[in-house]
Amino acid sequence: MGDLDFRGRQMPAWFPDAKFGVFVHWGAYSVPAWAEPTGELGAVDPEVWFAHNPYAEWYWNTSQIEGSPAHEHHRTVHGGLPYDTFLDAWKAELFDPAEWIDVFARAGARYVVVTTKHHDGIALWDAPGTGTRNTVRRGPHRDLVADLAAAVRARGLRFGVYYSGGLDWHAGRRAVIRHEDLIDECRPHDAAYAAYALRQVRDLIDRYRPDVLWNDIGWPDAGMADLPDLFAHYYATVPDGVVNDRWDGAHADYLTSEYQANRQNETAAHWEQCRGIGLSFGYNRNEGPEHLLDPAGAVRQLVDVASRGGNLLLNVGPKADGTLPGEQRTVLEGIASWMAGHGGAVYATRPLGPGAAPSDGAPWIRWTRDDRHAFAFLADVPDSARDQVVLKTRPGLLDPATAVRLDDLPVRADAVPDGILATSVALGTPLPTVLRFALL
Ligand SMILES: C[C@@H]1N[C@H](CN)[C@@H](O)[C@H](O)[C@@H]1O
């Protein structure tokens, strides 16, 4: 592998072992905190997506689109004021980074990725070239990236930075109205912006030594030639750091999917699915419980991703005052109580293996394995089979006599022609029950 050829790079073990990260989208957009809870990316007609964008962090763009509800909201509620007004209105007066990270760590997150500059171009540190358009010089008057990096590392978690390399509405301020706009029309590709973005990402590397370099929406055409040196500098600075795949194909340590989009990437050797607890990454005051995962849904999302060899990067959208929305905190607390007794069946595991145990159909079953055990996760078993389930597995794969429930309730498991018959109480709760078996 040459100095600038990273294709053969060994994936640092910490990343696939981590399985669970928390994403944080916090910005001036957290002040209006307004979007239509339209639906999940990948499930909404692209033709209506941008004018009815459920991503509250896209508020500047959505509110520029004549005739959109966001445009009307911005006119009637915020008087059509310039977007940067929200930067000055963003005070983060209740921000306690240690308290956030305590919630994330108890939920079982092993890494935290925070927005440092989103598409609105406002930096959460005194980024070079931003003048006063950052949170040190205006609004919170704090280096939020530094505050969060310190709190994350104080809890022994890994710290990652999100950077919007491909979109910067201060550099190219035409609203994105349809998907093809994202390719060229509305993305800055010029040399000046490329130098600006490069300088900022290098600054993030040099100041915060992030364990994850999470770029979004690609990189300016004029700056593509800069990337091999940038990645070389990053790896020299953070030898076990990892780079995601949103650099317009320049390089990736791992691939990403987002809600229901880019799911084809979930067959890669290393991959990560990102999504909000609700339909948005930035806090959206219009989201209700019907738009959010509940704790059991979030746990099943994590288990499903882990069972297929991926990581889940689950997003939290804090409020402008620095508090975590109560309904999002409740989900994290629910994950925490389940992970406390079951995390060992998730962390540092790998898929059970192709064809070992089908997990389609009912009941909801997923599998992971470590060197010595297989773990079966059961949920939503129909009432008719609440206390008895057949786990279809390849004969000779595992030993039924070694069955144990991780919540210490009794379980009986017997070999049957197409697998294992597990008998125990209440196997069908929405939160997965986990059975451990010794591998033969
Ligand atoms: C993680 C998400 N990525 C998308 C781009 N696919 C962004 O447009 C969105 O605001 C969020 O940052």
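Residues numbered from 1 in each chain as written. Predicted model: local features only at pLDDT ≥ 70, side-chain atom pairs only at ≥ 80, totals over all residues. Heavy atoms only, no water.

In the annotation of an unreviewed UniProt entry, the entry for the protein chain reads alpha-L-fucosidase, and the organism field reads Nonomuraea polychroma. As its UniProt record puts it under Sequence similarities (unreviewed entry), the protein chain is described as follows: "Belongs to the glycosyl hydrolase 29 family." (UniProt positions renumbered as here; feature names shortened; annotations may be inferred.)

K.L.:
Can you break down helix H4 (residues 69–78) residue by residue, with the values?
P.N.:
Those residues of H4 that fall on the buried side of the exposure criterion are Ala70, His73, His74 and His78. The arc that holds the buried residues of H4, viewed along the axis, is 100 degrees, so those residues lie on one side. Buried residues along H4 sit in contact with helix H3 (59–62) and helix H5 (85–89). Downstream of H4 by one or two residues, glycine 79 has phi in the positive range, about 60 degrees. (Buried < 20%, exposed > 50% of the residue type's maximum accessible area, 1.4 Å probe, protein only. Helix = DSSP H or I, 4+ residues; strand = E, 2+ residues; numbered from the N terminus. Arc of directions from axis to C-beta. Contact = heavy atoms within 4.5 Å.)

K.L.:
Let's hear about the site of the ligand: which residues, and what values?
P.N.:
In the vicinity of the ligand, 13 residues are found, and the nearest of them are His25, Glu57, Trp58, His119 and Asp216. The separation between an oxygen atom of the ligand and a polar side-chain atom of glutamate 57 is 2.6 Å. The contact in question runs from an oxygen atom of the ligand to an N or O atom on the side chain of tryptophan 58, over 2.8 Å. Here the residues of the shell around the ligand sort into 6 nonpolar, 3 polar and 4 charged. (Near = heavy atom within 4 Å. Polar contact = N/O pair within 3.5 Å; in protein donor to acceptor, adjacent residues only side chain to side chain. Nonpolar A, V, L, I, M, F, W, Y, C, P; charged D, E, K, R; others polar.)

K.L.:
Before we move on, can you summarise the sheet that holds strand S15 (residues 433–439) with the specific residues and values?
P.N.:
Note on sheets: strands pair through backbone hydrogen bonds, and any given pair is parallel or antiparallel. What the 4 strands build is an open sheet, ordered S9-S10-S15-S12; its pairing is antiparallel. Strands with a single pairing partner mark the edges of an open sheet, and in this sheet they are strand S9 (364–369) and strand S12 (398–405). Recorded for the sheet is a direction-independent mean angle of 25 degrees between the axes of neighbouring strands. Bridge count between S12 and S15: 4 bridges; the pairing is antiparallel. Its bridge partner being in S15, aspartate 399 is matched across the sheet by alanine 438. Contacts from helix H10 (residues 295–307) reach S9 and strand S10 (373–379), with the element oriented near 50 degrees to S9. (Pairing = 2+ DSSP bridges. Axes fitted to C-alpha atoms, helices over the stretch in contact; angles between N-to-C directions.)

K.L.:
Let's hear about the packing of helix H8 (residues 191–208) against helix H9 (residues 227–237): which residues, and what values?
P.N.:
Remark: H8 packs on H9, axes separated minimally by 10 Å, with the N-to-C direction vectors making an angle of 10 degrees. Put simply, H8 runs roughly parallel to H9. Within the contact between the two elements, H8 uses Leu198, Val201, Arg202, Ile205 and Asp206 and H9 uses Leu230, His233, Tyr234 and Thr237. (Parallel < 35°, antiparallel > 145°, perpendicular 65-115°, else oblique.)

K.L.:
Help me get a handle on the domain arrangement of the protein chain, residues and values and all.
P.N.:
The accessible area lost on association of the parts is a frequent measure of interface size. For the protein chain, the assigned domains are domain 1 (14–345) and domain 2 (364–439). Relative placement of domain 1 and domain 2: their C-alpha centres are 37 Å apart. If you look at the interface, domain 1 gives 13 residues, while domain 2 gives 14 residues. For the pairing of domain 1 and domain 2, the buried interface totals around 1100 Å² over both sides, and the portion due to carbon and sulfur atoms is 69%. The tally of links between domain 1 and domain 2 comes to 2 salt bridges. Across the pair aspartate 304 and arginine 366 runs a salt bridge, and its minimum N-O distance is 2.8 Å. Our enumeration of links across domain 1 and domain 2 arrives at 4 residue pairs in polar contact (both at pLDDT 80 or more). Of all the secondary structure elements, the ones that give two or more residues to the side of domain 1 that touches domain 2 are H10 and helix H11 (326–342). For the side of domain 1 that touches domain 2, the leading source of residues is H10, giving 8 residues. (Domains from an automatic or database assignment. Buried area = accessible area lost by both parts, 1.4 Å probe. Salt bridge = Lys/Arg side-chain N within 4 Å of Asp/Glu carboxyl O.)

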